[in-house]
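Residue-level listing of the chains:
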Amino acid sequence: MKFSDMPYQRIDFDTTKKQFEEIIREFANASSGEEQFEIHKKYYQISNEVETMITIAQIRHDIDTKDEFYDKEQAYYDEITPILSNLKVKYKKQMYESPYKSYLENKIGQVAFKNIEISLKAYDEKLIPLMQEENTLITSYDKLIASASIDWDGETLNLSLIKKYLTNQDREVRQKAYDKFCEFFEENADELDDIYDKLVKNRTRQARELGYDNYLQLGYYRMNRNCYDIKMVESFRNQIKKYFVPFAESLHNRRKERLGITKLSYIDEGVYFLNGNPTPIGTPDEIMEQGQKMYSELSDETKEFFDFMTENQLFDVLGRKTKKAGGYMTYLPLYHAPFIFANFNGTSGDIDVITHECGHAFQGYISGKDPIKEHADITMETAEIHSMSMEFFTEPWMKQFFAERTDDYLSMHLEAAAAFIPYGCMVDEFQHIVYENPDMTPKERHYAWNQLEKVYRPHMDYSGSAFFEKGGFWQKQLHIYDYPLYYIDYCIAQTCAFQYKVWMDENFEEAWKSYIKLCNLSASDFFTNMVKEVGLDSPFENRCIEEIVNKLKNRM
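Residues numbered from 1 in each chain as written. Predicted model: local features only at pLDDT ≥ 70, side-chain atom pairs only at ≥ 80, totals over all residues. Heavy atoms only, no water.

1. Considering the packing of aromatic side chains
Thought 1: This structure, assessed with the given rule, holds 62 aromatic pairs.
Thought 2: For the ring pair Phe185 and Phe467, a centre distance of 5.2 Å and an interplane angle of 20 degrees mean the geometry is stacked. Note that Phe185 is positioned in helix 8 (residues 171-187) and Phe467 in helix 19 (residues 466-469), a separation of 282 residues in sequence. Across this residue pair, the class does not change: Phe185 and Phe467 are buried.
Thought 3: We note Arg60 situated over the ring of Phe3; from NZ or CZ to the ring centre the distance is 4.8 Å.
Thought 4: A cation sits over an aromatic face here: Arg405 above Phe273, 5.4 Å from the ring centre. (Phe/Tyr/Trp six-rings, centres within 6.5 Å; stacked < 30°, edge-to-face > 60°. Helix = DSSP H or I, 4+ residues; strand = E, 2+ residues; numbered from the N terminus. Buried < 20%, exposed > 50% of the residue type's maximum accessible area, 1.4 Å probe, protein only. Lys NZ or Arg CZ within 6 Å of the ring centre and 35° of its normal.)

This is the structure:
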């Protein structure tokens, strides 16, 4: 079914609550594992209905944040989703304590039961008011960012649409664009600080209500980290500091030489060539057509997937003034349909949507066929392998998008992916510092960011920008506000994607088979087991990061 034809009806809380309470009673009265599993299928039906309606409302709200109807729906779900989450936890607690647990575990897997165990540590009915407040604060940040109205030579742009000017080949144009970009954040500095301060304190109160010292452990549980912990992540970040930061800095030096400048400024960040970054050829419609051709040639599986997405209009990728910033893939369970949301802006990032977000969506399309719903509950570091690796697997088709500048794009993409890892780890360490010290003032948070810049990105020079000089760069990163502790997943996944890059350059067919296997494994096993099963090294293993850097150096 086409997305525009999908009917929407607000989830009636009282009705849904009764449905959950009924299956909880049925489950408790069941006399066998077989009977409980049949009841569990009813749970699938109810949760699929709820998730689909909430997701339709979210997408339509994000497409136009000024839409009054869906704005009210978003506010409604901000209020009731914590209560619905609590009902789900109550049901799952029964599963976890079932006398027929071994039968159920055999049906849905040990990973699912580990995730249930984690969810029991992460939610409690007494947190509902705080979770409702957290949702409202997140929505207020999203709406504030979406409200940006920037005058650009008589044209009104939002933060997504002005990005193409931030990487313009003309430094004067970049400077002008950054001035206007930063002006928005400076004008809203107090509100941005206030929202984040309230979010940090809110999340800290939630954690302390559950007996944790701070939000970090609760945040790890909320991220469903079921096979690695805070110490392992810290060790990973230390490896990045030791091996990847010097490597990334060498790439920035190469970039500086290509640009013919003596010192890199913040206005040069993300600019790779003196004649400008390669940009995709063709209209958005033509880009989508070339994407369909690319996936039809990559494999039978990807052809089926992209044809399904196109036929059912499951893309909304054009940038518009009142559209939420950023991009994502989400899933509509009733229709077994992924959905891709993005903001095309005329940069190479438009092609990243066709590769990165389609990597997510392709895996979602595959896992959506699995009758065991829990197998789709992939953790984020695994999900990001699907997307970041697809960026590399589609490289043989980049000529369709970049013509004579294909080699420039491929070089830029590899360098940008490598340079991202230190930044991603910096975002993660910043959040660890913030949640370990929840009483920091906004000024202290900005100072902490500045200090981390010196460790992870020593090449950065913010001279001339009051907003960036004070340490405000992080406030444009919506993950820090909306999805706490998510960002390290990108870094962990990127190290695996680099392994696929090296592998596919040596034997594309073999690497692709491994990738398809990983997509099919979904969440049937733990991340640290699955990467080994498909022939990759775990990023947490000793020497993994050092070996990746050495291999990338050889290729560059």
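2. Structural notes on the nonpolar core
Thought 1: The biggest cluster of nonpolar side chains holds 179 residues, and the ones touching the most others in it are Phe3, Tyr77, Tyr196, Phe236, Phe244, Phe498 and Tyr500.
Thought 2: At 14 residues, the largest contribution of residues to this core is made by helix 17 (residues 406-436).
Thought 3: Two domains each put at least three residues into this core: domain 1 (3-132) and domain 2 (284-409 + 501-522). (Core = buried A, V, L, I, M, F, W, Y, C linked by side-chain atoms within 4.5 Å. Domains from an automatic or database assignment.)

3. Details of the environment of Asp307
Thought 1: With respect to the element layout, Asp307 can be found in helix 13 (residues 300-311).
Thought 2: Looking at Asp307, the relative accessible area reads 15%, which means it is buried.
Thought 3: For the pair Asp307 and Tyr295, spaced twelve residues apart in the sequence, the C-alpha separation amounts to 8.8 Å.
Thought 4: One polar contact links Asp307 to Lys303, side chain to side chain, over a distance of 2.8 Å. (Polar contact = N/O pair within 3.5 Å; in protein donor to acceptor, adjacent residues only side chain to side chain.)

4. What to know about the environment of Ser149
Thought 1: Tracing the backbone shows Ser149 in the loop between helix 6 (128-146) and strand 1 (150-152).
Thought 2: Assessed through its relative accessible area of 57%, Ser149 is described here as exposed.
Thought 3: Each residue touching Ser149, except ones within four places of it in the same chain, is listed here: Thr156 and Leu157. (Contact = heavy atoms within 4.5 Å.)

5. Let's talk about the pattern of salt bridges
Thought 1: If you walk through the whole model with that rule in mind, you get 43 salt bridges.
Thought 2: Salt-bridge contacts for Asp197 lead to Lys201; the nearest nitrogen and oxygen are separated by 3.0 Å. Here Lys201 and Asp197 lie together in helix 9 (residues 189-209), a separation of four residues that amounts to about one turn.
Thought 3: Relative accessible area serves as the criterion here: at 17%, Asp197 is assigned to the buried category. (Salt bridge = Lys/Arg side-chain N within 4 Å of Asp/Glu carboxyl O.)

6. As for the state of the cysteines
Thought 1: Within this structure, the stated rule accounts for zero disulfides.
Thought 2: Considering cysteine sulfurs only, Cys358 is the nearest to Cys519, which forms no disulfide, with 12 Å between them. (Disulfide = S-S within 2.5 Å.)

7. Concerning the domain arrangement of the protein
You'll often see interface size given as the accessible area lost when the parts meet.
Thought 1: The domain boundaries assigned to the protein delineate domain 1 (3-132) and domain 2 (284-409 + 501-522).
Thought 2: For domain 1 versus domain 2, the distance between C-alpha centres works out to 27 Å.
Thought 3: Every contact between the two is made by 26 residues of domain 1 and, on the other side, 23 residues of domain 2.
Thought 4: In total, domain 1 and domain 2 occlude about 2100 Å² of area from one another, counting both sides; carbon and sulfur atoms represent 60% of this.
Thought 5: Where domain 1 meets domain 2, there are one salt bridge.
Thought 6: In this structure, Lys373 and Glu51 form a salt bridge, with 3.0 Å as the shortest nitrogen-oxygen distance.
Thought 7: Inspection of the region where domain 1 meets domain 2 yields twelve residue pairs in polar contact (both at pLDDT 80 or more).
Thought 8: Per element, the largest residue contribution to the side of domain 1 that touches domain 2 is 15 residues, and it comes from helix 2 (residues 33-63).
Thought 9: Split by residue class, the side of domain 1 that touches domain 2 holds eleven nonpolar, nine polar and six charged. (Buried area = accessible area lost by both parts, 1.4 Å probe. Nonpolar A, V, L, I, M, F, W, Y, C, P; charged D, E, K, R; others polar.)

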